[in-house]
Amino acid sequence: MVNIEARTETLVTPILERHGFELYDVEMLKEGGGQILRVYIDKEGGVTSDDTAMVCRELSELIDEERDFIKTAYTLEVSSPGLTRALTKPDHFLKSIGKDVEFKLFKPISYEDNGKKLSAKEFVGILRAYDEDTDTVTVGWDENEMTFPRTDIASIHLWIDF
């Protein structure tokens, strides 16, 4: 069986290189009763709707040429990862060290802050470190710092205080 995300990365990479874009992520999701193949692209200065439309057209043509590439009905979407982009790959974490993040754990943890015992599973802090060898994320706020295995983190996104 073909890994749809990996095959899509292989197909889209030359398109992105030709136009000066970077591949941020690819995901195949079930949404609203259908399948969505979502490709996130980025570039210095941001991505425009014309950029995403052009990449979508070119990628769609390549996927159509490989008729057996995707066996089920799907919708192809190409978009920017956005300002509050999800961090899903080691490279995402390494590029985001020092930035504010919002993260959610699968289960709450107990911790102490200013002498108070607290329990929570959602936090906002600064991404202080990422260790590729142990696949751990260190997040801090004020004088506090916590390190979590990535497998304990349900989601982590860049956070912007509007």
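Residues numbered from 1 in each chain as written. Predicted model: local features only at pLDDT ≥ 70, side-chain atom pairs only at ≥ 80, totals over all residues. Heavy atoms only, no water.

**Considering the packing of aromatic side chains**
Stated formally: The rule is short: rings of Phe, Tyr and Trp, with Trp giving its six-membered ring, pair when the centres are within 6.5 Å, and they are stacked under 30 degrees, edge-to-face over 60, tilted in between. The way it works is that DSSP assigns letters per residue, a run of H or I at least four long becomes a helix, a run of E at least two long becomes a strand, and they are numbered from the N terminus. Between buried and exposed lies partly exposed: a residue is buried under 20% and exposed over 50% of the maximum accessible area for its type, with that area taken using a 1.4 Å probe on protein chains only.
Taken as a whole, this structure holds four aromatic pairs when the rule is applied. Relative to Y130, the ring of F93 has its centre 5.0 Å away and its plane inclined at 20 degrees; by these criteria the two rings are stacked. With F93 in helix α3 (residues 90–95) and Y130 in strand β5 (residues 116–131), the pair connects residues that are 37 residues apart, well separated along the chain. For the pair shown, F93 and Y130 are each scored as buried. When the ring of F123 is compared with that of W141, the centres are 5.5 Å apart and the planes differ by 25 degrees; the resulting orientation is stacked. Placement of F123 in strand β5 and of W141 in strand β6 (residues 136–141) is noted, with a sequence separation of 18 residues between them. Taken as a pair, F123 and W141 share a single burial class, namely buried. Members of the aromatic cluster, connected to one another through ring pairs, are F103, F123, W141 and F148.

**Concerning the packing of helix α1 (residues 4–19) against helix α2 (residues 49–65)**
Heads up, the rule is: In this description, a line fitted to the C-alpha atoms serves as the axis of each element, helices being fitted only across the stretch in contact, and the angle between N-to-C directions of two axes falls anywhere from 0 to 180 degrees. For classification, angles of less than 35 degrees are called roughly parallel, those exceeding 145 degrees roughly antiparallel, those between 65 and 115 degrees roughly perpendicular, and all remaining angles oblique. With the far helix as reference, a near helix turned anticlockwise by less than a right angle produces a left-handed crossing, and one turned clockwise produces a right-handed crossing. In this description, contact between two residues means that some pair of their heavy atoms is separated by no more than 4.5 Å. Amino acids are sorted into nonpolar (Ala, Val, Leu, Ile, Met, Phe, Trp, Tyr, Cys and Pro), charged (Asp, Glu, Lys and Arg) and polar (every other residue, Gly among them).
Axis separation between α1 and α2 bottoms out at 10 Å; the angle between their running directions is 140 degrees. On the basis of the axis angle, α1 is oblique to α2. In this structure, α1 crosses over α2, and the sense of that crossing is right-handed. In contact with T8, L11, V12, I15, L16, R18 and H19 of α1, α2 contributes M54, V55, E58, L59, L62 and I63. Taken together, the residues of the contact of α1 with α2 sort by class into nine nonpolar, two polar and two charged.

**Points about the pairing of strand β1 (residues 22–31)**
What counts here: When DSSP finds at least two bridges between two strands, those strands are taken to pair.
With nine bridges connecting them, β1 and strand β2 (residues 34–42) associate as antiparallel partners. Bridging across to β2, V26 finds its partner in V39. Adjacent in sequence and paired antiparallel, β1 and β2 are bridged by two residues, among which G32 carries a positive phi angle near 55 degrees.

**Re the sheet that holds β2**
The three strands are arranged β1-β2-β3 in an open sheet whose pairing can be described as mixed. Bordering the open sheet on either side are β1 and β3 (75–79), each of which pairs with just one other strand. Between one strand axis and the next, the sheet turns by 20 degrees as a mean value, whatever way the strands run. Along the sheet face, α1 touches β1 and β2 and points at about 145 degrees away from the line of β1.

**Re the pairing of β6**
A large share of β6 lies buried, amounting to six of its six residues. Of the two faces of β6, the one lined by T136, T138 and G140 and the one lined by V137, V139 and W141 are each fully buried. Pairing between β5 and β6: five bridges, direction antiparallel. What sits directly across from L127, in β6, is V139.

**Brief notes about α2**
Spelled out, the test is: A helix's residues, less one, multiplied by 1.5 Å, set its expected span. Directions from the helix axis toward the C-beta atoms define the arc.
The first and last C-alpha atoms of α2 sit 24 Å apart over 17 residues, in line with the 24 Å expected at 1.5 Å per residue. Taken as a whole, α2 has its buried residues at D51, T52, M54, V55, L59 and I63. What you see down the axis of α2 is that its buried residues fit within an arc of 165 degrees, all on one side. Across α2 from its buried face, at more than 90 degrees, point the exposed residues S49, D50, R57, E61 and E65. On its buried face, α2 sits against α1, β2 and β3.

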